[in-house]
Amino acid sequence: MAGLTPQDTAPLLVSVPPHAESPPRRWVRHLFDKSARAGILSRPLLDRLPLRRWVPSAVHSLLDYRGGAVALVSGQLSTDRVARRVGRVLGLSSLAVALFTDTRLSLSRRLSIETHELSDYAHGAALLLAPFALGYARRSPGVAAVHALLGLSTLGVALVTDYRGQRGLHLGGVRRTDPEGIGA
């Protein structure tokens, strides 16, 4: 082995460029991210809610946009005046809350994530109860069924969402003692 240098005996390392991740795959990974990079955890409401943190915040945001659009469109398709108004009010308010909450997929981050969570419970209950309380369940049963099912799904998803904000807005404002995610 005379005349061999350390470079000759070292294993041959070939430089391999990193694998470029496709945009759809990166987008899906981004949606289901639950790491600290995904945002700052919300404070538990009433020290209990949400019950579990299974649904990622970004997926919940997409469901909010879908729910607002479905409530709005189903109301618009109704021939009943009350069902149309309920669809408009709840659909547009749900979309507005989703657009202005402190999340990744919002237009402007003005509302805290806890405020968004409270509005999810309120919208879900309103969608579930409106057909019966306002009496359009009999006059427009299709729209009533859509609103009731949408209300149930909104409440169900809200109970198991991993609510995370991006800027750290909380009910009552940002506290200097919140350097990272709460409970992380």
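Everything here concerns the structure above.
Quick caveat: nothing in here was measured; it's all calculated off a predicted structure.

Colleague: How would you explain the overall build of the protein chain if you had to name every residue and give the values?
Modeller: Scanning the protein chain from terminus to terminus reveals seven helices and four strands. Helices and strands in the protein chain line up, N terminus first, as α-α-β-β-α-α-α-α-α-β-β. Sequence separation of 24 or more characterises 75% of the internal contacts of the protein chain that already satisfy a separation of 6 or more. Of the roughly 11,200 Å² of accessible surface on the protein chain, 65% is carried by carbon and sulfur atoms.

Colleague: Talk me through empty space enclosed by the protein; I want residue IDs and the actual numbers.
Modeller: For the structure on display, the rule yields two cavities of 30 Å³ or more. Within this model, the largest cavity holds a volume of roughly 190 Å³. Contributing to the lining of the largest cavity are 20 residues, with Leu63, Asp64, Gly67, Ser94 and Thr154 lying nearest its centre. Contributing elements (two or more residues each) for the lining of the largest cavity: α3 (57-76), α4 (81-99), α5 (113-133) and α7 (141-159). Looking at the lining of the largest cavity, the element that brings in the most residues is α3, giving seven residues. Its residues assigned to classes, the lining of the largest cavity comprises eight nonpolar, nine polar and three charged.

Colleague: A description of the pattern of salt bridges should follow, citing residues and the corresponding values.
Modeller: Evaluated as defined, the whole model comprises one salt bridge. The closest approach of N and O atoms between Asp80 and Arg139, which form a salt bridge, is 2.8 Å. Pair noted here: Asp80 is in the loop between α3 and α4 and Arg139 is in helix α6 (residues 136-139), with a separation of 59 residues, a long-range link. Residue Arg139 is classed as partly exposed on the basis of its relative accessible area of 47%.

Colleague: Before we move on, can you summarise the environment of Arg66 with the specific residues and values?
Modeller: With respect to the secondary-structure elements, Arg66 resides in helix α3. Classification of Arg66 by relative accessible area gives partly exposed; the value is 40%. Between the C-alpha atom of Arg66 and that of Leu95, which follows or precedes it by 29 residues, the distance is 8.7 Å. The residues contacting Arg66, other than those within four sequence positions of it, are Leu150 and Ser153.

Colleague: Pulling in residues and values, what's your account of the nonpolar core?
Modeller: Most often, soluble globular proteins have nonpolar side chains that are buried together. One finds Ala71, Ala83, Val86, Leu90, Leu127, Ala130, Tyr136, Val143, Ala144 and Leu150 forming the largest nonpolar core, which totals ten residues. Mapped by element, the contributors of at least two residues to this core are α4, α5 and α7. With residues near it in sequence (within four places) discarded, Val86 still touches Gly91, Ala130, Leu134, Tyr136 and His147. Leu31, Val55, Ala58 and Val59 belong to the second largest nonpolar core, which has five residues in total.

Colleague: Summarise the side chain of Thr154; cite the residues concerned and give the values.
Modeller: As for its placement among the helices and strands, Thr154 is situated in helix α7. A distance of 2.7 Å separates a polar atom in the side chain of Thr154 from the backbone oxygen of Leu150. Setting aside residues up to four positions removed in sequence, Thr154 forms contacts with Asp120 and Gly124.

Colleague: Can you lay out the environment of Val55 for me, pointing to particular residues and giving the numbers?
Modeller: Tracing the sequence through the fold places Val55 in strand β2 (residues 55-56). Sequence-wise, Val55 and Tyr163 are 108 residues apart; in three dimensions their C-alpha atoms are separated by 8.4 Å.

Colleague: Summarise α3; cite the residues concerned and give the values.
Modeller: An ideal rise of 1.5 Å per residue puts 28 Å on 20 residues; α3 measures up with 29 Å between its terminal C-alpha atoms. Taken together, the buried positions of α3 are occupied by Ser57, Ala58, Val59, His60, Ser61, Asp64, Tyr65, Gly67, Gly68, Ala71, Ser74 and Gly75.

Colleague: Tell me what's going on with the packing of α3 against α7, and back it up with residues and numbers.
Modeller: Running from N to C, α3 and α7 point in directions that differ by 165 degrees, and their axes come no closer than 10 Å. As judged from the angle between their axes, α3 and α7 are roughly antiparallel. Of the two possible hands of crossing, α3 and α7 adopt the one that is left-handed. Each of His60, Leu63, Arg66, Gly67, Val70, Ala71, Ser74 and Gly75 in α3 lies in contact with α7, whose residues at this interface are Val143, Val146, His147, Leu150, Ser153, Val157 and Ala158. Looking at the contact of α3 with α7 residue by residue, the classes come out as eight nonpolar, six polar and one charged.

Conventions and cut-offs
- Residues numbered from 1 in each chain as written.
- Predicted model: local features only at pLDDT ≥ 70, side-chain atom pairs only at ≥ 80, totals over all residues.
- Heavy atoms only, no water.
- Helix = DSSP H or I, 4+ residues; strand = E, 2+ residues; numbered from the N terminus.
- Contact = heavy atoms within 4.5 Å.
- Areas by Shrake-Rupley, 256 points an atom, 1.4 Å probe, with all protein chains shown as cover.
- 1 Å grid on protein atoms, 1.4 Å probe; cavity = no way out; pocket = protein on both sides within 12 Å on 5 of 7 lines; lining within 4 Å.
- Points joined across faces, edges and corners; volume = space filled by probe spheres on them.
- Nonpolar A, V, L, I, M, F, W, Y, C, P; charged D, E, K, R; others polar.
- Salt bridge = Lys/Arg side-chain N within 4 Å of Asp/Glu carboxyl O.
- Buried < 20%, exposed > 50% of the residue type's maximum accessible area, 1.4 Å probe, protein only.
- Core = buried A, V, L, I, M, F, W, Y, C linked by side-chain atoms within 4.5 Å.
- Polar contact = N/O pair within 3.5 Å; in protein donor to acceptor, adjacent residues only side chain to side chain.
- Expected span 1.5 Å × (residues − 1).
- Axes fitted to C-alpha atoms, helices over the stretch in contact; angles between N-to-C directions.
- Parallel < 35°, antiparallel > 145°, perpendicular 65-115°, else oblique.
- Left-handed = near helix turned anticlockwise from the far one by under 90°.

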